[in-house]
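Per-entry structural report
Below are the chains, spelled out letter by letter.
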Amino acid sequence: DEATPVTRFQQYLRFKTAHPNPNYTAPVSFLTSIAESLGLKAQTFEFVAEKPVLLLTWTGSNPSLPSLLLNSHLDSVPAEPSKWIHPPFAAVRDQDGKIFARGAQDDKCIAIQYLEAIRNLKGRGFVPARTVHVSYVPEEEIGGEDGAQKFVASQVFDELRVGFVLDEGQASVNDEFRVFYADRSPWKVIIKAIGQPGHGSRMYDNGATENLMESVEVISRFRESQFDVLKAGKAPASEVISVNPVYLKAGIPSPTGFVMNMQPSEAEAGYDVRMPPAADPDLMRKRIAEEWAPAERNMTFEIQEKGPIRDLKGNPLVTATDDSNPWWSVFKQAIAAAGGKLGKPEILASTTDARFMRELGIPALGFSPMTNTPILLHDHNEFLEESVFLKGIGVYEHVISSLSSFEAVNDV
Ligand SMILES: CSCC[C@H](NC=O)C(=O)O
Ligand SMILES: [Zn+2]
Ligand SMILES: [Zn+2]
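Residues numbered from 1 in each chain as written. Chains lettered and ligands numbered in written order. Predicted model: local features only at pLDDT ≥ 70, side-chain atom pairs only at ≥ 80, totals over all residues. Heavy atoms only, no water.

Where empty space is left becomes clear once a probe the size of a water molecule has been rolled over the atoms. When its volume is computed, the largest pocket comes out at roughly 550 Å³. Lining the largest pocket are 32 residues, with E141, P186, D272, R274 and T351 positioned closest to its centre. Taken together, the elements giving at least two residues each to the lining of the largest pocket come down to β10 (185-194), β12 (242-250) and β16 (266-275). Residue classes in the lining of the largest pocket are distributed as 12 nonpolar, nine polar and 11 charged. (1 Å grid on protein atoms, 1.4 Å probe; cavity = no way out; pocket = protein on both sides within 12 Å on 5 of 7 lines; lining within 4 Å. Points joined across faces, edges and corners; volume = space filled by probe spheres on them. Helix = DSSP H or I, 4+ residues; strand = E, 2+ residues; numbered from the N terminus. Nonpolar A, V, L, I, M, F, W, Y, C, P; charged D, E, K, R; others polar.)

For the rest of this paragraph, the subject is the coordination of the zinc ion (ligand 3). Note on metal sites: the ideal angle is 109.5 degrees for four tetrahedral donors, and 90 or 180 degrees for six octahedral donors. The coordination sphere of the zinc ion (ligand 3) contains the protein donors D106 (OD), E141 (OE), E141 (OE) and H378 (NE2), at a distance range of 2.0 to 2.4 Å. Note that the zinc ion (ligand 3) binds four donor atoms; their angles at the metal cover 59 to 148°, and the shape is irregular. Between the two metal centres, the zinc ion (ligand 3) and the zinc ion (ligand 2), the spacing is 3.4 Å, with D106 acting as a shared donor. Here D106 is found in the loop between β5 (98-100) and α3 (108-123), whereas its partner E141 is found in the loop between β6 (132-137) and α4 (148-152), with 35 residues between them in sequence. The exposure classification of D106 matches that of E141, with both residues buried. (Donors = N, O, S within 2.8 Å, 3.2 Å for Na, K, Ca; no water. Tetrahedral: all angles 85-135°; square planar, octahedral: opposite > 155°, others 65-115°. Buried < 20%, exposed > 50% of the residue type's maximum accessible area, 1.4 Å probe, protein only.)

The environment of ligand 1 is made up of E140, E141, G143, P186, R274, K306, S350, T351, R355 and H378. A distance of 3.2 Å separates an oxygen atom of ligand 1 from a polar side-chain atom of E141. A total of 330 Å² of accessible area belongs to ligand 1 in isolation, and the protein chains cover 86% of it. Spatially, ligand 1 is embedded in the largest pocket. (Near = heavy atom within 4 Å. Polar contact = N/O pair within 3.5 Å; in protein donor to acceptor, adjacent residues only side chain to side chain. Areas by Shrake-Rupley, 256 points an atom, 1.4 Å probe, with all protein chains shown as cover. Sits in = over half its atoms within 2 Å of the grid points.)

It is worth spelling out the coordination of the zinc ion (ligand 2) at this point. Taken together, H73 (NE2), D106 (OD), E168 (OE) and E168 (OE) make up the full set of protein donors to the zinc ion (ligand 2), lying 1.9 to 2.4 Å away. Sequence spacing of the donors to the zinc ion (ligand 2): H-x32-D-x61-E. Its relative accessible area of 4% is what places D106 among the buried residues.

Next up on the list: the UniProt feature "binding site: Zn(2+) 2" (unreviewed entry) in the chain. The sites that carry the UniProt feature "binding site: Zn(2+) 2" (unreviewed entry) are, in the present numbering, D106, E141 and H378. In sequence the annotated residues extend across 273 residues, while in space they remain close, none of their C-alpha pairs exceeding 10.0 Å. Residues that both appear in the annotated list above and line the second largest cavity are D106. The contacts of D106, once residues within four sequence positions are left out, are H73, E141, E168, L377, H378 and E382. By the element assignment, H378 lies in the loop between β20 (364-366) and β21 (383-385). With relative accessibility at 44%, the residue H378 sits in the partly exposed group. Aside from chain neighbours lying at most four places away, what touches H378 is V77, R102, D106 and E141. Reaching out from H378, the side chain makes a polar contact with the side chain of D106 at a distance of 3.0 Å. (UniProt positions renumbered as here; feature names shortened; annotations may be inferred. Contact = heavy atoms within 4.5 Å.)

Once that is clear, we can look at the side chain of K108. Within the secondary structure, K108 is located in helix α3. Buried charge without a partner: K108 forms no salt bridge, and the closest opposite charge is D107, 8.0 Å away. A polar atom in the side chain of K108 sits 3.2 Å from the backbone oxygen of F15. A polar side-chain atom of K108 sits 2.7 Å from a polar atom in the side chain of T17. In contact with K108, other than residues within four places in its own chain, are F9, Y12, L13, F15, T17, L74, S76, F89, R102 and G103. (Lys, Arg positive; Asp, Glu negative; His and termini not counted. Salt bridge = Lys/Arg side-chain N within 4 Å of Asp/Glu carboxyl O.)

What follows concerns unusual backbone geometry. Going from H19 to P20, the amide bond is cis rather than trans, its omega being 10°. The residue after D106, namely D107, is reached through a cis peptide bond having omega -10°. For D107, the location among the structural elements is in the loop between β5 and α3. For E50, which is not glycine, the phi torsion reads 65° and is therefore positive. Position of E50 among the secondary structure elements: in the loop between β1 (41-48) and β2 (51-58).

Across the sheet, four strands lie side by side as β12-β16-β10-β17; this open sheet has antiparallel pairing. At either margin of the open sheet sits one strand with a lone partner, and together these are β12 and β17 (299-305). Across this sheet, the average inter-strand angle for adjacent strands is 15°, counted without regard to direction. Across eight bridges, β12 lies against β16 in antiparallel orientation. Across the sheet, the residue bridging to N244 is D272, located in β16. Packed on one face of the sheet, helix α7 (residues 281-292) meets β10, β12, β16 and β17 and runs near 15° to β10. (Pairing = 2+ DSSP bridges. Axes fitted to C-alpha atoms, helices over the stretch in contact; angles between N-to-C directions.)

All right, on to the pairing of strand β3 (residues 67-73) then. With respect to burial, β3 is a largely interior element, seven of its seven residues being buried. Burial along β3 is two-sided: S67, L69, N71 and H73 facing one way and L68, L70 and S72 facing the other are all buried.

A few words on the sheet that holds strand β4 (residues 92-93). With respect to topology, three strands assemble into an open sheet ordered β4-β5-β21, the strand pairing being antiparallel. Pairing within the sheet leaves two strands with one partner each, and these edge strands are β4 and β21. Across three bridges, the pairing between β5 and β21 is antiparallel. In the strand pairing of β21, F100 is matched with F383. Packing of helix α10 (residues 386-405) onto the sheet brings it into contact with β4, β5 and β21, and relative to β21 it is tilted by some 70°.

Now the structure itself:
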């Protein structure tokens, strides 16, 4: 059987790239061999051992122009096979043309679409003016510290002189493509209580679990206040501060569960907090210290702020989506030329590697060309319809040819 864009997509989907043990070697060699067959230069870097970054290069006719970078990540979140209708790494194509796999939307589709678009452009004899780079990075799903963050900090990256980045976006449930100009910043917030231990029958103040529960209530009220803004339709989900409890830890373990007649001396809770670019981080830190984990209630806290929240000039990590950004105008026109409708630019509710490029002041948009598709990233039964996948290739042909050939931007 002859390989096609869809069979190459399926092959790529079959690599077991799920955390906590993603296989990076096999997909990197697979992509490298496709790249070489297309005449692209392929280089692999290990900024961290065994966490390769694959960089493909299509040299432009005027390589002095700032380059275009098309990024995607190699890794995937885990999947629970028993809860899927098809095995998550089999890439089964059903009778309707739906291709089921962990990573089908997030984000192995774009990884292959970039290459298929380049294949088609090359087939038509198109030559880009600026150099086009395609990067495949590890570790995005766990925060990118050993992936994009190291890549972007490297001399290799500096020498690419990247002018503009496209990275992953999210599926659209209607016929408008979605585009993202910022991400929310992820904070992991851990609050801990200590308190008087004692017999389970005694009523006293300041027990650890009691202290923690009071904070849990305070946090829930803040969560409600943010959720109410959404529910009232006053802001989209990605523009409020999200707060979600992700674990609770308390109690004294026993062989049959927990000791029931002892009040523990320690208790803790973990929260996933996402900060939109307009939120004030100092205010949030103060709220956590004074209201969520007050020392008077024997509470301590830990905030792990993951990744940058401001660029090198101190500005929020936001890419302009107006005429001040020539890349934006060209991108927008390319979508129209591809026959697509573009929705209002959005902030992404979650987090991608684009923030590391934005930190350097490089404009970066999140874009995955999937319309009329349910949002299934990180969900069971993640799939992408073959027709949507194929249409996306055509969209990228327009996007890559336009962004790589306009010459208005010539200094980085
Ligand atoms: C702590 S950074 C984690 C990055 C991750 N990215 C995709 O889901 C996310 O949770 O948004
Ligand atoms: Zn992703
Ligand atoms: Zn993801």
